[in-house]
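# Architecture and fold: a report
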Amino acid sequence: MSKLEENILRAKAYLKQFEGGVPNRIGGKDCAAADGMTFETISPVDLKPLANVAKGAEADIDRAAEAAKAAFGDWAALPGDARKKILHKIADAIVARAEEIAFVECMDTGQSIKFMAKAALRGAENFRFFADRAPEARDGKSLRTSGQVNVTTRTPIGPVGIITPWNTPFMLSTWKIAPALAAGCTIVHKPAEFSPLSARLLVEIAEDAGLPPGVWNLVNGFGEDAGKRLTEHPLIKAIGFVGESRTGSMIMRQGSETLKRVHFELGGKNPVIVFADADLERAADAAVFMIYSLNGERCTSSSRLLVEESVYEKFTSMVAEKAKRIRVGHPLDPETVVGPLIHPVHEKKVLEYIEIGKSEGAVVSAGGAKFEGPGGGCYVSPTLFTKATNSMRIAQEEIFGPVLTAIPFKDEAEALSLANDVQYGLTGYLWTSDVTRSFRFTEQLEAGMIWVNSENLRHLPTPFGGVKNSGIGRDGGDWSFDFYMETKNVAFATTAHAIQKLGG
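Residues numbered from 1 in each chain as written. Predicted model: local features only at pLDDT ≥ 70, side-chain atom pairs only at ≥ 80, totals over all residues. Heavy atoms only, no water.

## Focus on the overall build of the protein chain
Inclusion rule: Secondary structure elements follow DSSP: runs of H or I of four or more residues count as helices, runs of E of two or more count as strands, with numbering from the N terminus. Just to be clear, the radius of gyration here is over C-alpha atoms, and the globule rule we use is 2.2 Å times residues to the power 0.38. Exposed residues in this analysis have more than 50% of their type's maximum accessible area, buried residues have under 20%, and partly exposed residues fall in between, with area computed by a 1.4 Å probe over protein chains only. We call two residues in contact when some of their heavy atoms are within 4.5 Å. Calculation of accessible area relied on Shrake-Rupley with a 1.4 Å probe; when residues are assessed, cover is drawn exclusively from the protein chains displayed. Charge convention: Lys and Arg are scored as positive, Asp and Glu as negative, and His as well as the terminal groups of each chain are ignored. To locate a charge, take atom NZ for lysine, CZ for arginine, CG for aspartate or CD for glutamate.
The secondary structure content of the protein chain amounts to 16 helices and 22 strands. Computed over the C-alpha atoms, the radius of gyration of the protein chain is 24 Å, within 12% of the 23 Å expected from 2.2 N^0.38 for a compact globule of 504 residues. For the C-alpha atoms alone, the extent of the protein chain along its principal axes is close to 85 × 60 × 35 Å. Looking at the protein chain residue by residue over its 504 residues, the buried ones come to 58%. Taking the intrachain contacts of the protein chain between residues at least 6 apart in sequence as the baseline, contacts between residues at least 24 apart amount to 75%. About 20,200 Å² of surface is accessible on the protein chain, with carbon and sulfur atoms providing 54% of the total. Positive and negative side-chain charges in the protein chain, numbering 57 and 62 respectively, have mean positions lying 4 Å apart.

Structural data, given as structure tokens:
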């Protein structure tokens, strides 16, 4: 038996738990949607059903918000050390079930086991990171002035809504939920309808680890009903959202009536800028990794390749050869790098963009077509467009797939102009051996996060987020607590200062 065949058998065993359906989880109890409605989630590998999922709507969000409100007082009052212990137990349980999580995620999303095996462990790391900060989450500053001492503190904002995307949903859910729990908030989580299964595993793990009922509520459903009600609900004090920029704009409008705080991690059209003096082999490896790993379905992917024209032909040829050698296949095959895209709807979008690129006059130097993969699912070949210009739609619009657009530049000024000439500003990747250029260039590059001579290597205490249409706010370190908590200042008089007498 091959490793792939063995993995498929194990995946089937893990997926059996969903045969009876996937309920919502509200107040520590499994429950069907109030109206009994369900929807079907399919595997992008073979387009076959994986499970029937409770299709939550307004009534279900109402119940979940009430449960989160009822649980908030006790959870917020719990000492930080106690929250820390529970969050570490959740991390331990994630590690114990890492293979199960990875296999389920592969079959639900199409992401390869090569990357998903580590995603669950990254989720555990997220919980440990914020668990260790829970005891100090409320800490503030002492600010002194003449005749007065000011003491600041932070308090959890209240029940919050978390809306997570379909790409690497388990890891991204932990990135949002762990700091909310560490801060003392309760949550209502609505995962993406394309990949709901790992969210069920996560809430189950959390409650088995000792998280009190109602602190974490899960409602599956679609944006137009469950999502809309969550963003409008008066009991929900803030919305953390990861997804498309258009959806973020809609959420902001929907939450405006209740003056809801929002945190958005949105789209990107991120440039990797390669100067002729860079280590070209390392830069090529990094560019290939950042666009073709995770099927290109990630917000930080380097989907625009800007290369100094003197090395453009050489460098794009290097990238093309690497792209052609990438293994496309079943996500549970250990050799697979690119698996099927999440859903036929998304596959259609990506293939349409490939045709748009051809019609705009860009040259297909690798890929450029659907890939006939095992199971007949949503496979697309790793694609490289060359001879492109920054005005083309494939250079301006987020494709969110394994498609890279390469554009030449003459000098540093043109490179900066091209890099900034998009509506997004999430990340940027700069490759150069000129230290002064790297300082000068990164200062002017319009992006919330920039890596110099590196692919995306995350350090959890650093801020994560973008500018322009790529988002609002920052995650990571103390920045997460700034979102999930309110800052309060108390001023203590240390002298009897003069008080004006009115009407005396």
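## Observations regarding the sheet that holds strand 5 (residues 142–145)
Strand pairs in the sheet, formed through backbone hydrogen bonds, run parallel or antiparallel to each other. As a reminder of what qualifies: Here the rule is simple: two strands pair whenever DSSP picks up at least two bridges between them. Geometry is summarised by axes, namely lines fitted to C-alpha atoms with helices restricted to the contacting stretch, and by angles between N-to-C directions that run from 0 to 180 degrees.
If you trace the 3 strands from one edge of the open sheet to the other, you get 5-6-22, paired in antiparallel fashion. Bordering the open sheet on either side are strand 5 and strand 22 (485–493), each of which pairs with just one other strand. Between one strand axis and the next, the sheet turns through 25 degrees on average, direction left out of account. Running over the sheet, helix 16 (residues 477–484) touches strand 6 (148–156) and strand 22 and is turned about 85 degrees from strand 6.

## Observations regarding the packing of helix 3 (residues 80–96) against helix 5 (residues 113–133)
Threshold: Any angle that is under 35 degrees is reported as roughly parallel, and any over 145 degrees as roughly antiparallel; angles of 65 to 115 degrees are reported as roughly perpendicular and all others as oblique. Residues are sorted three ways: Asp, Glu, Lys and Arg are charged, Ala, Val, Leu, Ile, Met, Phe, Trp, Tyr, Cys and Pro are nonpolar, and all the rest, Gly among them, are polar.
Here helix 3 crosses helix 5 at 170 degrees, and the two axes come no closer than 8 Å. Accordingly, the angle class assigned to the pair helix 3 and helix 5 is roughly antiparallel. Across the interface between the two elements, Lys84, Leu87, His88, Ile90, Ala91, Asp92, Ile94 and Val95 from helix 3 touch Ala120, Leu121, Gly123, Ala124, Phe127, Arg128, Phe130, Ala131 and Asp132 from helix 5. Among the residues forming the contact of helix 3 with helix 5, the class breakdown is 11 nonpolar, 2 polar and 4 charged.

## A word on the side chain of arginine 83
What counts, and what does not: Each reported salt bridge corresponds to a side-chain nitrogen of Lys or Arg within 4 Å of a carboxyl oxygen of Asp or Glu. In the analysis that follows, any N or O atom pair within 3.5 Å is treated as a polar contact, provided that within protein one partner can donate a hydrogen and the other can accept it, and provided that, for residues neighboring in sequence, both atoms belong to side chains.
By the secondary structure assignment, arginine 83 is in helix 3. Within the buried set, arginine 83 has no salt-bridge partner at all; the shortest N-O distance to an opposite charge, 9.3 Å, is to aspartate 81. Only 3.0 Å separates the side chain of arginine 83 from the backbone oxygen of alanine 182, close enough to count as a polar contact. Residues within four places of arginine 83 in sequence aside, it is in contact with Trp75, Ala76, Leu78, Ala134, Leu181, Ala182, Ala183 and Gly184.

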